[in-house]
Each structure stands twice: as structure tokens, then as C-alpha cells.
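The lines below spell out each chain.
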Amino acid sequence: MNREKPGARRVVFAPVDTLARVDAVVRRLGDAIDLGLLADGEQLPGETELAAQLGVSTVTLREALMALRQQGLVTTRRGRGGGSFVTVPDGPAEDRLHARLSDWSTEELRDLADHWAAVSGAAARLAAQRTEPGDLEQLRRSLEELMETADTAARSRIYGRFHVELAAAAQSARLTREEVTLQTEVGALMRLVLDEDEYLKDVLDRHRAVISAVHDGADDRARALAEQCVRTSMARLIELRLGSPDGARGPRPKEDPHGQRSPSRTRHGGGS
């Protein structure tokens, strides 16, 4: 396996933060698989090498791999040619995604949109300042893949990967990790948005404009475009949330498309 991992992939195998905890390793590798940074069938480095790259003990790594196997994200083969291999699961069923979406209030989705837009905007601005034209090939490749695939689960993974790669192009490990974390929160939900071909065309145009601005070194324009890309996606997700029945957390206060709650209801209704 190639030890030189460009951009976003380098962050996947960087040492995990603070204590060597099993859940930190599970989250890191699980996030990378969900976002398509690790490909289906790809062999992970050997236990000793992978533990060293992540900065954990081999015992911790083995426990994490066991948890990943239980989740169906990794399979382990014994004997000659064996090892641990990535298993990309099928995307969640649409009804499961709608149920997950209904677990969010529009106020929470709006707050997430603010956070995500700030991170992606900062990443785009720094990428425009720091990258060379040749550094944008990963972004262009993701754009092409998004254009070509008709599978909505793949679309959501590629969409998320684009934003992670944008942060990687900013040459900021912290921003890249933050994008990975954000994608685990909202990435799968983007499948509900990206199954609409008309909206997909809009997404492609916006991503293309971000790449162009980064390529031109237009940092303010790149930031504004990346922020708008995120806000447009989240606005569509909020529209879908408003059109769905309430989730498992019970009825919520009446909300408008901007996440504002009606003053006629109690502030704490519905367990927001």
C-alpha cells in the first residue's frame, strides 16, 4: 500500500487526538469509509503499521477493528494474502434517512449550516491562497465522479468527499478533521437532496465555480461560493424537514424555513 497519502487521505492515518481510545479509532476509520476516502475492498495497513500511524497500541487497534467488523465496515481474512479489508455498506434506506432527518429541528439544522459554511468557507479561502493548480486534481476528479454517477448513496459520499478535499487543499489538518466530523453528521442526509437531478446540476455548477475561484487565487470569491454551496444544500434539507412528519423525539414547536419558532408555543416543546 502506498505510504504517501495525498490530501484528505493523509488525515485518515494521522495520530488520533489525546488518549489512545478505541472509539476514537473506530470513529476515524468509520468516517473515512463513509466518506469514500477508503475504497471498498481496500486493504488496510498491517496492525503494527496502522497502530503506529494512528498513535495507538496494537491492543487498542485490535479492539477497534473488532468493533468495525461488528458494524460491517471491515472484514478480516486469515492466512496467506489475508489482512483487514474495507467493506463499504449500502446506503441507509430512504425511510431511515427521513427518520434521521426528523430527529433534527430546523433550528438545529440552521445552526449546523452556520458551522459547516464557516468551515468550508475558511477552507476555500485558504485553498485559494495556498494551492498550486496541480493541487486541485482531487477536487476535479470528485466533480467528474459526481457528474457521472446515478447512485444517490455514491453521490452523497462524493459530495462529502469534495468538501473534505477542499479542506485538505487548504493544507489545514484541523479544518480537514472538522470537515470529516461534519460529514458524519450530515453527509448521509445529503442523499435525500442529491436524488433530484435538477438540484444535482445546481450542485455541480457551484462546485465547479468553487474550483475555478480557488484556481484563480480569488480567496474572497472562493469563500463566498463555498459558503453559498453549503447554505443552499442545507436550505433544501430544511425544506425536506419541514415537509416530513415529526421524528422520534415527539412534536416540536411550529417552525418557519429559517428555523424560527412560533411565539405562540412553549419554547421547550418537543425536546429540542
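For the structure, see preceding data.
Below: a short report on this structure. (Residues numbered from 1 in each chain as written. Predicted model: local features only at pLDDT ≥ 70, side-chain atom pairs only at ≥ 80, totals over all residues. Heavy atoms only, no water.)

### A closer look at the overall build of the chain
The secondary structure content of the chain amounts to 12 helices and 2 strands. When the elements of the chain are put in sequence order from the N terminus, they spell out α-α-α-α-β-β-α-α-α-α-α-α-α-α. Out of the 272 residues belonging to the chain, those deemed buried represent 46%. Contacts in the chain between residues at least 24 apart in sequence constitute 71% of all its contacts with a sequence separation of at least 6. Per element, the accessible surface of the chain, about 13,500 Å² overall, is 48% carbon and sulfur. (Helix = DSSP H or I, 4+ residues; strand = E, 2+ residues; numbered from the N terminus. Buried < 20%, exposed > 50% of the residue type's maximum accessible area, 1.4 Å probe, protein only. Contact = heavy atoms within 4.5 Å. Areas by Shrake-Rupley, 256 points an atom, 1.4 Å probe, with all protein chains shown as cover.)

### Notes on the pattern of salt bridges
What the rule picks out here adds up to 13 salt bridges. The salt bridge involving Arg231 is made with Asp114; its shortest N-O contact spans 2.9 Å. Taken as a pair, Arg231 in helix α12 (residues 219–242) and Asp114 in helix α6 (residues 106–130) lie far apart in primary sequence, 117 residues in all. For Arg231, a relative accessible area of 35% gives the class partly exposed. Asp205 is the salt-bridge partner of Arg208, the closest N and O atoms lying 3.1 Å from each other. Separated by 3 residues within a single helix, Arg208 and Asp205 lie in helix α11 (residues 197–216), roughly one turn from each other. Several salt bridges converge on common partners, so that one network encompasses Glu145, Arg161 and Glu165. (Salt bridge = Lys/Arg side-chain N within 4 Å of Asp/Glu carboxyl O.)

### Some words on the packing of α6 against helix α9 (residues 173–186)
The N-to-C vectors of α6 and α9 enclose an angle of 145°; their axes lie 10 Å apart at closest approach. The way α6 lies across α9 gives a crossing that is left-handed. Of the residues in α9, those in contact with Leu112, His115, Trp116, Val119, Ser120, Ala122, Ala123 and Leu126 of α6 are Leu175, Glu178, Glu179, Leu182, Gln183, Glu185 and Val186. For the contact of α6 with α9, the class distribution of residues is 9 nonpolar, 3 polar and 3 charged. (Axes fitted to C-alpha atoms, helices over the stretch in contact; angles between N-to-C directions. Left-handed = near helix turned anticlockwise from the far one by under 90°. Nonpolar A, V, L, I, M, F, W, Y, C, P; charged D, E, K, R; others polar.)

### Notes on helix α8 (residues 152–169)
Compared with an ideal rise of 1.5 Å per residue, which puts 18 residues at 26 Å, α8 spans 25 Å between its outermost C-alpha atoms and is within 8% of the ideal. Taking burial as the measure, the 18 residues of α8 include 17 buried ones, the bulk of the element. Looking at where α8 begins, the residue whose side-chain oxygen comes 3.3 Å from the main-chain nitrogen of Ala153 is Asp151. Following α8 by one or two positions, Gln171 has its phi on the positive side, about 60°. (Expected span 1.5 Å × (residues − 1). Polar contact = N/O pair within 3.5 Å; in protein donor to acceptor, adjacent residues only side chain to side chain.)

### Side note on the nonpolar core
Counting residues in each nonpolar core, the largest one holds 49 residues, and the members touching the most others are Trp116, Leu166, Met190, Met234 and Leu237. Secondary structure elements with two or more residues in this core: α5 (94–101), α6, α7 (137–148), α8, α9, α10 (190–194), α11 and α12. Per-element tally for this core: the top contributor is α6, with 11 residues. By size, the runner-up hydrophobic cluster in this structure holds 26 residues, among which are Leu29, Leu61, Leu73 and Val164. (Core = buried A, V, L, I, M, F, W, Y, C linked by side-chain atoms within 4.5 Å.)

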